[in-house]
Amino acid sequence: ERVLRTAEEWKEIPNIIRQAQQVILSRNHHGNQDEPQSTVASDVISVVLTGPMYPKQQTLTLVDLPGLVQMHNAMTESPTVSKEIVNLLEPYLENPHCLLVAVLPANVDYHNAHVLQLAAQHDPLADRTIPVWTKPDLIDKGAEQAMVDVLQNAKSFLNCRNV
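Note that this is a predicted model, so its numbers are computed, not measured.

Asks: Hey, could you run me through the overall build of the protein chain in this one?
Replies: Looking only at helices and strands, one finds five helices and two strands in the protein chain. In sequence order, the protein chain lays out its α and β elements as α-α-α-β-α-β-α. Each of the 163 residues in the protein chain was classed as buried or not, and the buried ones make up 22%. Long-range pairs, those at least 24 residues apart, make up 60% of the contacts in the protein chain with a sequence separation of at least 6. Here the protein chain displays about 12,200 Å² of accessible surface, and carbon together with sulfur accounts for 55% of that area.

Right under this line is the structure:
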């Protein structure tokens, strides 16, 4: 545990997190250098804010989970990395107290997004699902209106009231 008190110390948070990630991932490597090792770990790195501005009864925990992958890099990743990630996500998807923030590139057809399929499976009414679209500048010319329709809820999106 480390206490950060100054603005300069707060700027070190990304480096501290990277160091913790390296420790976690190095524990996953079992010595066989010729075989790709798992790059997925169930360990959680916590950044806890405490003090008079953060009452204990108002806790919010954000968990940054890895994104879903469809293919793996045979040189650096385990062939089971996709399944490992889904297994890591499952407890969060199943937990009725977790909000599901589905991050989607706006230039990809969301109907085929695996994250939305998993979210719909565990949250069929989309009460906990919050879609977040990135890369709106990459939407194909002529496809802008379809995204506008989704954002204005004119087009059904998982019956989602949170868009």
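Now, onward.
Asks: What's the story with the pattern of salt bridges in this structure? I'm lost.
Replies: Any two side chains of opposite charge can pair, so long as their charged atoms come close to each other. Scanning the entire structure with this criterion turns up one salt bridge. Close ionic contact of Lys11 with Glu8 constitutes a salt bridge, the shortest N to O distance being 3.1 Å. Judged on exposure class, the residue Lys11 and its partner Glu8 are both exposed.

Asks: Which parts of the structure should I look at to understand the packing of helix α3 (residues 81-94) against helix α4 (residues 114-122)?
Replies: Packed helix pairs are specified by the crossing angle of their axes together with the interaxial distance, meaning the distance between the axes. It is the contact of α3 with α4, at a shortest axis distance of 10 Å, that shows an interaxial angle of 40 degrees. The angle between the axes of α3 and α4 places the two elements in the oblique class. The handedness of the crossing between α3 and α4 comes out as right-handed. For the pair formed by α3 and α4, the contact residues are Val86, Glu90, Leu93 and Glu94 on the first element and His114, Leu118 and His122 on the second. Its residues assigned to classes, the contact of α3 with α4 comprises three nonpolar, two polar and two charged.

Asks: Would you take a moment to explain the environment of Gln21 for this structure?
Replies: Inspection of the secondary structure puts Gln21 in helix α2 (residues 13-28). With a relative accessible area of 36%, Gln21 lands in the partly exposed category.

Asks: Just checking my understanding: could you explain the side chain of Thr129 for this structure?
Replies: Along the chain, the position of Thr129 falls in strand β2 (residues 129-134). A polar contact of 2.7 Å, which involves the side chain of Thr129, links it to the side chain of Asp123.

Asks: Help me understand the pairing of β2, please; the structure alone is not making it clear to me.
Replies: It is a general feature of regular strands that their side chains alternate between the two faces of the sheet. Alternating residues of β2 divide into Thr129, Pro131 and Trp133, all buried, and Ile130, Val132 and Thr134, none buried. As paired strands, strand β1 (residues 100-105) and β2 are joined by six bridges and run parallel to one another. Bridge pairing in β2 links Pro105 to Thr134. This β-α-β element, β1 to α4 to β2, shows right-handed connectivity.

Asks: Could you clarify how one ought to interpret the side chain of Arg128 in this entry?
Replies: Within the element layout of this structure, Arg128 appears in the loop between α4 and β2. Nearest to the buried, unbridged Arg128 among oppositely charged side chains is Asp123, at 4.2 Å. There is a polar contact of 3.3 Å between the side chain of Arg128 and the backbone oxygen of His122.

Asks: Help me understand unusual backbone geometry in this model?
Replies: Glycine aside, residues mostly have negative phi, and peptide bonds are mostly found in the trans state. One non-glycine residue, Ala126, lies in positive phi territory at about 60 degrees. Structurally, Ala126 is set in the loop between α4 and β2. In this structure Ala126 comes out as buried when scored by relative accessible area, which is 1%. Notably, Lys135 is not glycine yet its phi reads approximately 55 degrees, a positive angle. You can see Lys135 is positioned in the loop between β2 and α5 (144-151). What makes Lys135 partly exposed here is its relative accessible area of 46%.

Basis of the calculations
Residues numbered from 1 in each chain as written. Predicted model: local features only at pLDDT ≥ 70, side-chain atom pairs only at ≥ 80, totals over all residues. Heavy atoms only, no water. Helix = DSSP H or I, 4+ residues; strand = E, 2+ residues; numbered from the N terminus. Buried < 20%, exposed > 50% of the residue type's maximum accessible area, 1.4 Å probe, protein only. Contact = heavy atoms within 4.5 Å. Areas by Shrake-Rupley, 256 points an atom, 1.4 Å probe, with all protein chains shown as cover. Salt bridge = Lys/Arg side-chain N within 4 Å of Asp/Glu carboxyl O. Axes fitted to C-alpha atoms, helices over the stretch in contact; angles between N-to-C directions. Parallel < 35°, antiparallel > 145°, perpendicular 65-115°, else oblique. Left-handed = near helix turned anticlockwise from the far one by under 90°. Nonpolar A, V, L, I, M, F, W, Y, C, P; charged D, E, K, R; others polar. Polar contact = N/O pair within 3.5 Å; in protein donor to acceptor, adjacent residues only side chain to side chain. Pairing = 2+ DSSP bridges. Right-handed = clockwise from strand over helix to strand, strands pointing away. Lys, Arg positive; Asp, Glu negative; His and termini not counted.

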